[in-house]
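# Observations on the model geometry
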Amino acid sequence: MSDQVMDAARAVRDRAYAPYSRFRVGAGLETEDGSVFVGCNVENASYGLSLCAERAALAAAVAAGFRRFRRLVVVSDSDPPASPCGACRQALAEFAPTLVVEAVGRRHHSRWTMAELLPAPFRHGARPAEGGTP
């Protein structure tokens with residue numbers, strides 16, 4: 001059985017621009033209505049300006065007017081599969097706190113909820129938990 005989101009993430013991984021790390025990543029982000037947006041990593045000689053595949057897919061979806069997502073598939077050549085970085089986790093949690101995240105490597109497949117990957121995301125205007133430091 002074909003998986004449209006996974007197939008799209010695999011295809012876009014081949015378009016990644018990764019001349020420095022040689023670590024190509026593709027991401028497929030599925031909206032609540034079943035639309036799929038893709039992104040690949042785009043590296044830069046100034047590493048801090050590099051863009052992760054997950055945030056590229058998120059930006060494409062938001063630019064198209066979507067704000068609600070149900071599933072993200074991240075495809076790389078690593079085993080175990082690479083999960084989204086902290087910046088991507090925070091960006092995704094802003095829009096989809098219940099998102100299902102799947103990571104696919106050469107031989108292995110992992111699956112998490114956004115709450116497992118980022119149990120305490122930053123929220124604008126959030127107050128510290130009781131007993132926490134302000």
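Quick summary incoming for the structure in this document. (Residues numbered from 1 in each chain as written. Predicted model: local features only at pLDDT ≥ 70, side-chain atom pairs only at ≥ 80, totals over all residues. Heavy atoms only, no water.)

We now examine the pattern of salt bridges. Applying the stated rule across the entire model yields eleven salt bridges. Here Glu32 ties to Arg68 by a salt bridge, and the two come within 2.9 Å at their closest N and O atoms. Here Arg68 lies in the loop between α2 (53-63) and β3 (69-75) and Glu32 lies in the loop between β1 (26-31) and β2 (36-40), a separation of 36 residues in the sequence. We classify Glu32 as partly exposed; its relative accessible area is 42%. For Arg68, a relative accessible area of 56% translates into the label exposed. Among the salt bridges present, the one from Asp79 reaches Arg106, with a minimum N-O distance of 3.7 Å. With Asp79 in the loop between β3 and α3 (86-95) and Arg106 in the loop between β4 (100-104) and β5 (109-113), this residue pair connects regions lying 27 residues apart in the sequence. Members of the salt-bridge network, linked through shared partners, are Asp3, Glu30, Arg70, Arg71, Glu102 and Arg111. (Salt bridge = Lys/Arg side-chain N within 4 Å of Asp/Glu carboxyl O. Helix = DSSP H or I, 4+ residues; strand = E, 2+ residues; numbered from the N terminus. Buried < 20%, exposed > 50% of the residue type's maximum accessible area, 1.4 Å probe, protein only.)

Further remarks concern the sheet that holds β2. The strand order across the open sheet formed by five strands is β2-β1-β3-β4-β5, and the pairing between neighbours is mixed. The two strands at the open ends of the sheet, each matched to only one other strand, are β2 and β5. On average, each strand axis in the sheet is inclined to that of its neighbour by 15°, with strand direction left out of account. Relative to β3, β1 runs antiparallel, the two sharing six bridges. Bridge pairing in β3 places Gly26 opposite Val75. Here α2 sits on the sheet and contacts β1, β2 and β3; the angle it forms with β2, its principal contact strand, is near 140°. (Pairing = 2+ DSSP bridges. Axes fitted to C-alpha atoms, helices over the stretch in contact; angles between N-to-C directions. Contact = heavy atoms within 4.5 Å.)

Attention shifts here to the packing of α2 against α3. Here α2 crosses α3 at 25°, and the two axes come no closer than 9 Å. The pairing of α2 with α3 is recorded here as roughly parallel in orientation. Between α2 and α3 lies a crossing of left-handed hand. Across the interface between the two elements, Glu54, Arg55, Leu58 and Val62 of α2 pack against Ala87, Cys88, Ala91, Leu92 and Phe95 of α3. Residues belonging to the contact of α2 with α3 are distributed by class as follows: seven nonpolar, no polar and two charged. (Parallel < 35°, antiparallel > 145°, perpendicular 65-115°, else oblique. Left-handed = near helix turned anticlockwise from the far one by under 90°. Nonpolar A, V, L, I, M, F, W, Y, C, P; charged D, E, K, R; others polar.)

Remember that the coordinates give geometry; whether it matters functionally is a separate question.
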